[in-house]
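Chain and residue survey
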Amino acid sequence: MSTIVDLRSDTVTQPTAAMRAAMMAAPLGDDVFGDDPSVNALQDKIAALLGFEAALFVPSGTQSNLCAVLSHCQRGDEYIVGQQAHCYRWEGGGAAVLGSVQPQPLSHQSDGTLLLADIEAAIKPDDPHFARTKLLALENTLGGKVLPFAYLTQATELARSRGLSCHLDGARLFNAAVAQAAARDTDPLGEAKRIAQCFDSVSVCFSKGLGAPVGSALLGSAELIARARRIRKMAGGAMRQAGLLAAAASYALDHHVPRLGQDHALARRLADALHGIPELRVEPPRTNILFVDLAQEAKARGDALIAYLKSQGVLATGLYRLRFVTHLDVDEAGIDRAAAAVRQFFSRSVLN
Ligand SMILES: *Cc1c(COP(=O)(O)O)cnc(C)c1O
């Protein structure tokens, strides 16, 4: 059987047999009444793990970020955010459309950070001309990059000193934590908590590298989460016997965190294998996302490359740049197949 090597996203993973078993065994109730024991257990577990008073299980990372921004901000407020941030660029403008909260996007530095001076300059004075600047929203990892921990403390201290709250889109927080733990020889869960504790609210995705089928959690104070619960209801995200999904997320937290390091190693393996192809500019991957740019003279061949890879059973995306994402359903053999297909495309092209 020739299997597909699907590197489009870490969202494509199938629940493992053990995860399915945990889902089937989960005690269930109606979570809108607060009665689902598996949802409650997951919320308690992730809140304790990351050091927050409360957590809210939501269907998606998009809804988690929306609940966060609308819980921190009122109509006419604004949030400072990066140009490439998911909660600004990739969520249909939800905070503005649904909450009348204005984004103030800033350009990123090459390491994914927003310059402190730019943040400072973007905070508006209290004056009727301006939206009220209420929130700084950062993302870690951002495009697979781990924001330096010292930066997180500086940026959030700056924001707090000016009266702003701080939100982290940590869809891939555990990837950041595992990479940071490897660099410091510490414990990944401890690093996840250290990162999360810089912020007033944190959103994490279970459906990405952690390998659960559905779901995210928003973490914050009990008061913030009570507000977020109202927004989740409004947005249609209050689910009933959601414990089936929460059990998968809980299983992922128990079993799939340290193994993210394997995904990071696979991304490096692919980067190494593509290194030296003259048409490609390979960006060294920090975690599980590998970006590859086509050299100027090869730019027009991006679509053809994606189509060729597909014909060889290798899936990747190329919206702006080629993107390969590793996860628990790919292995070394799959990565080697992907690399071989890319090489083949360029060696064939030379003949054409
Ligand atoms: C995937 C992602 C989200 C949104 O998650 P969905 O579950 O797809 O809505 C938010 N932020 C980041 C950084 C993401 O990668």
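Here is a short report on the structure shown in this document. Being a predicted model, the structure only gives us computed values, none of them experimental.

Take the side chain of Thr156 next. On the secondary structure map, Thr156 appears in helix H7 (residues 149-161). Side-chain polar atoms of Thr156 contact the backbone oxygen of Leu152, separated by 2.6 Å. Leaving out residues up to four positions away in the same chain, Thr156 has contacts with Cys166, Cys198 and Phe199.

Moving on, we come to the nonpolar core. The biggest cluster of nonpolar side chains holds 54 residues, and the ones touching the most others in it are Ile46, Leu50, Ile119, Phe174, Val204 and Phe206. Take this core: its biggest share by element is seven residues, from helix H11 (residues 243-255). Setting aside residues up to four positions removed in sequence, Val204 forms contacts with Ile46, Leu50, Gly170, Ala171, Leu173, Phe174, Ser216, Ala217 and Leu219. Counting residues in each nonpolar core, the second largest holds 27 residues, with Leu274, Leu322, Val330 and Ala338 among its members.

Our next topic: the sheet that holds strand E10 (residues 289-294). Taken together, three strands build an open sheet; the order of strands is E9-E10-E12 and the sheet is antiparallel. Edge positions in the sheet fall to strand E9 (280-282) and strand E12 (322-325), since each has one partner strand and no second. If you compare each strand with its neighbour and ignore which way they point, the axes differ by 25° on average. With three bridges joining them, E9 and E10 adopt antiparallel strand pairing. Bridging across to E10, Arg281 finds its partner in Asp293. Together, E9, E10 and E12 form the strand contacts of helix H12 (residues 260-274), whose direction differs from that of E10 by roughly 20°.

For strand E8 (residues 216-220), the buried fraction is high: five of the five residues fall into the buried class. Covered by surrounding structure in E8 are Ser216, Leu218 and Gly220 together with Ala217 and Leu219, the residues of both alternating faces. Where strand E2 (residues 54-58) and E8 come together, five bridges link them in antiparallel fashion. Each bridged residue has a counterpart across the sheet, and for Leu56 the counterpart in E8 is Leu218.

Attention shifts here to the packing of helix H2 (residues 37-50) against helix H9 (residues 188-196). Packing of H2 against H9 brings their axes to within 8 Å, and their N-to-C directions diverge by 80°. On the basis of the axis angle, H2 is roughly perpendicular to H9. Mapping the contact onto sequence places Ala48, Leu49 and Leu50 in H2 and Leu189, Ala192, Lys193 and Ala196 in H9. Grouping the constituent residues of the contact of H2 with H9 by class yields six nonpolar, no polar and one charged.

Calculation rules
Residues numbered from 1 in each chain as written. Predicted model: local features only at pLDDT ≥ 70, side-chain atom pairs only at ≥ 80, totals over all residues. Heavy atoms only, no water. Helix = DSSP H or I, 4+ residues; strand = E, 2+ residues; numbered from the N terminus. Polar contact = N/O pair within 3.5 Å; in protein donor to acceptor, adjacent residues only side chain to side chain. Contact = heavy atoms within 4.5 Å. Core = buried A, V, L, I, M, F, W, Y, C linked by side-chain atoms within 4.5 Å. Buried < 20%, exposed > 50% of the residue type's maximum accessible area, 1.4 Å probe, protein only. Pairing = 2+ DSSP bridges. Axes fitted to C-alpha atoms, helices over the stretch in contact; angles between N-to-C directions. Parallel < 35°, antiparallel > 145°, perpendicular 65-115°, else oblique. Nonpolar A, V, L, I, M, F, W, Y, C, P; charged D, E, K, R; others polar.

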